[in-house]
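One letter stands for each residue in the lines below.
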Amino acid sequence: MYDRTCKLLTIHYLTGLNTREKLLLSEVTECALDVRNMSRIACEHIIRRRIRSGLFSPVEAYSRAERDSHDLTDAGYGYNFYWDFDFPALLREIHNPPFLIFYRGENPGTVLSTIRFPWIAVVGTRFPTGIARKGAYKLGREFAELGIPVVSGLAYGIDEAVHAGVVDGNGIGFAVLGNGIDTVYPKANQKLAKNIISSGGALLSEYGPGVEARRYHFPERNRIIAGCC
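1. Details of the pattern of salt bridges
Here comes step 1: Scanning the entire structure with this criterion turns up 11 salt bridges.
Here comes step 2: Between Glu-21 and Arg-20 there is a salt bridge, with its nearest N and O atoms 3.8 Å apart.
Here comes step 3: Put simply, Arg-36 and Asp-34 hold a salt bridge, and the shortest N to O gap is 2.6 Å.
Here comes step 4: Asp-34 gets classed as partly exposed once you look at its relative accessible area, which sits at 24%.
Here comes step 5: One connected set of salt bridges, linked through shared partners, spans Arg-20, Glu-21 and Arg-49.

Below, the structure is given as structure tokens:
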């Protein structure tokens, strides 16, 4: 079924396009074009530049979107499109904001509405000293006790320490992933991820189900962490 969800996911999965160009496509295809059958030449006419041959594959993007639209619903994961009401307003202001944000939490309908309040971001090295780890944990706990949501990256080291502090302080924490929304990386932090969700927080990612962690995903993820604050 080719509904709005499937259409937006198809556009999201088109490779070789930035967010501005995907937004243009979403506006044009709202009433005039079916992106599933769009040619590379037609897309180039809309975005006003050439696309490197081999990058543009609407058929492949649609196939993935059709599968994921069912998988996301079955798993209870949500997502917000750039123009949706619950898409974080501050996140629209960064350079190359995400076209979609996937999320999972216990209350998927209201997860991202929390971003309307001030957030604090804490990120750091994967190899901290013991003092730094304790300091990150203390910061997370103190922010939690003050009622300030905290966002980090769920990585080893400082990130996991601050997340643990937020959970132990009964606060709300958010973890932005460098991999697909359906998995946790590193695997050792799966329990911590569950604790973040059960405490009222959520996992966020711009990557759909099945996307493995890649080195370049982490600097891309960091712009989202910064953009939430």
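Further notes follow.
2. Section: the environment of Leu-100
Here comes step 1: Examined against the element boundaries, Leu-100 turns out to sit in strand β2 (residues 100–104).
Here comes step 2: Taking the C-alpha atoms as reference points, Leu-100 and Leu-9, separated by 91 residues in sequence, lie 8.2 Å from one another.
Here comes step 3: Not counting residues within four places of it along the chain, the set of residues in contact with Leu-100 comprises Leu-8, Leu-9, His-12, Tyr-79, Asn-80, Phe-81, Ser-205 and Glu-206.

Calculation rules
Residues numbered from 1 in each chain as written. Predicted model: local features only at pLDDT ≥ 70, side-chain atom pairs only at ≥ 80, totals over all residues. Heavy atoms only, no water. Salt bridge = Lys/Arg side-chain N within 4 Å of Asp/Glu carboxyl O. Buried < 20%, exposed > 50% of the residue type's maximum accessible area, 1.4 Å probe, protein only. Helix = DSSP H or I, 4+ residues; strand = E, 2+ residues; numbered from the N terminus. Contact = heavy atoms within 4.5 Å.

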